[in-house]
Amino acid sequence: MFDTNAFNRLLDPGIDISIFKGRVDIFATHIQLRELHATTDTQRRQALESSFHEITTQTLPTESMVLPIKLGSAKFGDGTYELILAKLNGKANSFRGRKRNNKLRSNPADAQIGEVALKNGHVLVTDDPELFSVVKDCGGTVLRFDDFVKEIGLSTAVPGIT
C-alpha cells in the first residue's frame, strides 16, 4: 500500500517506475488519487496521476466510511480508524507539531490509508513519520520508500542508495 508521498517519490530523478511492474503489487485507495489530483502544478499532477494508474495493481475501498465519500468507495468500520486517528493526532504533537492555521492537523486521510494497510495485511510504504510510527505500533508492517526500494532489490534505482 503506497501512501501519497510514496507516489510523489516515483517522480524523483533516477526512478523508472516500469521496474516495479511484475515485481510487487502496489495497492492504494481513492484517497491517494484524490490527494494527487489536488496537486496545483498541472504538469506534476498529470505525471502523478499517470504514475498512479500505471503502477497501482488495485484500488481498494477504505475500511471505514468517513463523509463525504463516493458511494462504493468505503466499508463500515469497526473502530480501527478511530484508534489510528487518535494516535496520529497524538503523535503530531510529539513529532513536528504539525499545525495548520494554529490548529492541530487532523489526519483522517492518513488514518484511513493506515487502516486499509492494516486490515488487508499490506506493507505500508510511507515517508510520513507519524503514520509510520502509528501503523507500526498497531502491528502493521511499514517501510520508508528508500527501504522499500532496497527490499525489492532495486537499490540502484534511487541515487544515493547503496
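So, how was this worked out
Residues numbered from 1 in each chain as written. Predicted model: local features only at pLDDT ≥ 70, side-chain atom pairs only at ≥ 80, totals over all residues. Heavy atoms only, no water. Helix = DSSP H or I, 4+ residues; strand = E, 2+ residues; numbered from the N terminus. Buried < 20%, exposed > 50% of the residue type's maximum accessible area, 1.4 Å probe, protein only. Contact = heavy atoms within 4.5 Å. Salt bridge = Lys/Arg side-chain N within 4 Å of Asp/Glu carboxyl O. Phe/Tyr/Trp six-rings, centres within 6.5 Å; stacked < 30°, edge-to-face > 60°. Axes fitted to C-alpha atoms, helices over the stretch in contact; angles between N-to-C directions. Parallel < 35°, antiparallel > 145°, perpendicular 65-115°, else oblique. Left-handed = near helix turned anticlockwise from the far one by under 90°. Nonpolar A, V, L, I, M, F, W, Y, C, P; charged D, E, K, R; others polar. Polar contact = N/O pair within 3.5 Å; in protein donor to acceptor, adjacent residues only side chain to side chain. Core = buried A, V, L, I, M, F, W, Y, C linked by side-chain atoms within 4.5 Å.

Comments concerning the overall build of the protein chain
Across its full length, the protein chain carries 7 helices and 6 strands. Going from the N terminus to the C terminus, the protein chain shows its helices and strands as α-β-α-α-β-α-β-β-α-β-α-β-α. Across the 162 residues of the protein chain, 46% fall into the buried class. In the protein chain, 61% of the contacts between residues at least 6 apart in sequence involve partners at least 24 apart.

Examining the pattern of salt bridges
This model, assessed by the stated rule, comprises 4 salt bridges. Salt-bridge contacts for Asp 127 lead to Arg 9; the nearest nitrogen and oxygen are separated by 2.8 Å. In this pair, Asp 127 sits in the loop between β5 (124-125) and α6 (129-137) while Arg 9 sits in helix α1 (residues 4-9), placing the two residues 118 residues apart along the sequence. Lys 21 is the salt-bridge partner of Glu 54, the closest N and O atoms lying 3.7 Å from each other. Highlighted residues: Glu 54 in helix α3 (residues 42-55) and Lys 21 in the loop between α1 and β1 (26-29), separated in sequence by 33 residues. The partly exposed category is assigned to Glu 54, whose relative accessible area is 35%.

Side note on the packing of aromatic side chains
According to the stated counting rule, one finds 5 aromatic pairs in the structure shown. Seen in terms of ring centroids, Phe 2 and Phe 145 are 6.1 Å apart; in terms of plane orientation they differ by 70 degrees. Their pairing is edge-to-face. Note that Phe 2 is positioned in the segment before α1 and Phe 145 in helix α7 (residues 145-151), a separation of 143 residues in sequence. Neither residue differs from the other here; Phe 2 and Phe 145 are each classed as buried. With a centroid separation of 5.5 Å and 85 degrees between ring planes, the pair formed by Phe 2 and Phe 148 is classed as edge-to-face. One end of the pair, Phe 2, is in the segment before α1; the other, Phe 148, is in helix α7, with 146 residues separating them in the sequence.

Quick word on the packing of helix α2 (residues 30-37) against α3
Where α2 contacts α3, the two axes come as close as 9 Å, and the packing angle between them is 160 degrees. In terms of their interaxial angle, α2 and α3 are classed as roughly antiparallel. α2 and α3 meet at a crossing whose hand is left-handed. Across the interface between the two elements, Gln 32, Leu 33, Leu 36 and His 37 from α2 touch Arg 45, Leu 48, Glu 49, Phe 52 and His 53 from α3.

Here's the deal with the packing of α2 against helix α5 (residues 108-120)
At their nearest, the axes of α2 and α5 sit 9 Å apart, and the two run at 145 degrees to each other. Between α2 and α5, the residues in contact are Ile 31, Gln 32, Arg 34 and Glu 35 and Ala 109, Gln 112 and Ile 113, respectively. Residues belonging to the contact of α2 with α5 are distributed by class as follows: 3 nonpolar, 2 polar and 2 charged.

A few points about the side chain of Gln 32
For Gln 32, the position within the fold is in helix α2. At a separation of 2.7 Å, a polar atom in the side chain of Gln 32 contacts the main-chain carbonyl oxygen of Phe 2. Every residue in contact with Gln 32, bar those within four places of it in the chain, is listed here: Met 1, Phe 2, Asp 3, Thr 4, Phe 7, Phe 52 and Ile 113.

Details of the nonpolar core
Residues Phe 2, Phe 7, Leu 10, Phe 20, Ile 26, Phe 145 and Phe 148 are the most contacted members of the largest nonpolar core, which totals 20 residues. Elements represented by at least two residues in this core include exactly α1, β1, α3 and α7. Residue contacts for Leu 10: discarding those within four places in its chain leaves Phe 2, Ile 15, Ile 17, Phe 20, Ser 51, Ile 55 and Phe 145. Counting 19 residues, the second largest nonpolar core, distinct from the first, contains Phe 27, Val 116, Ala 117 and Leu 124.

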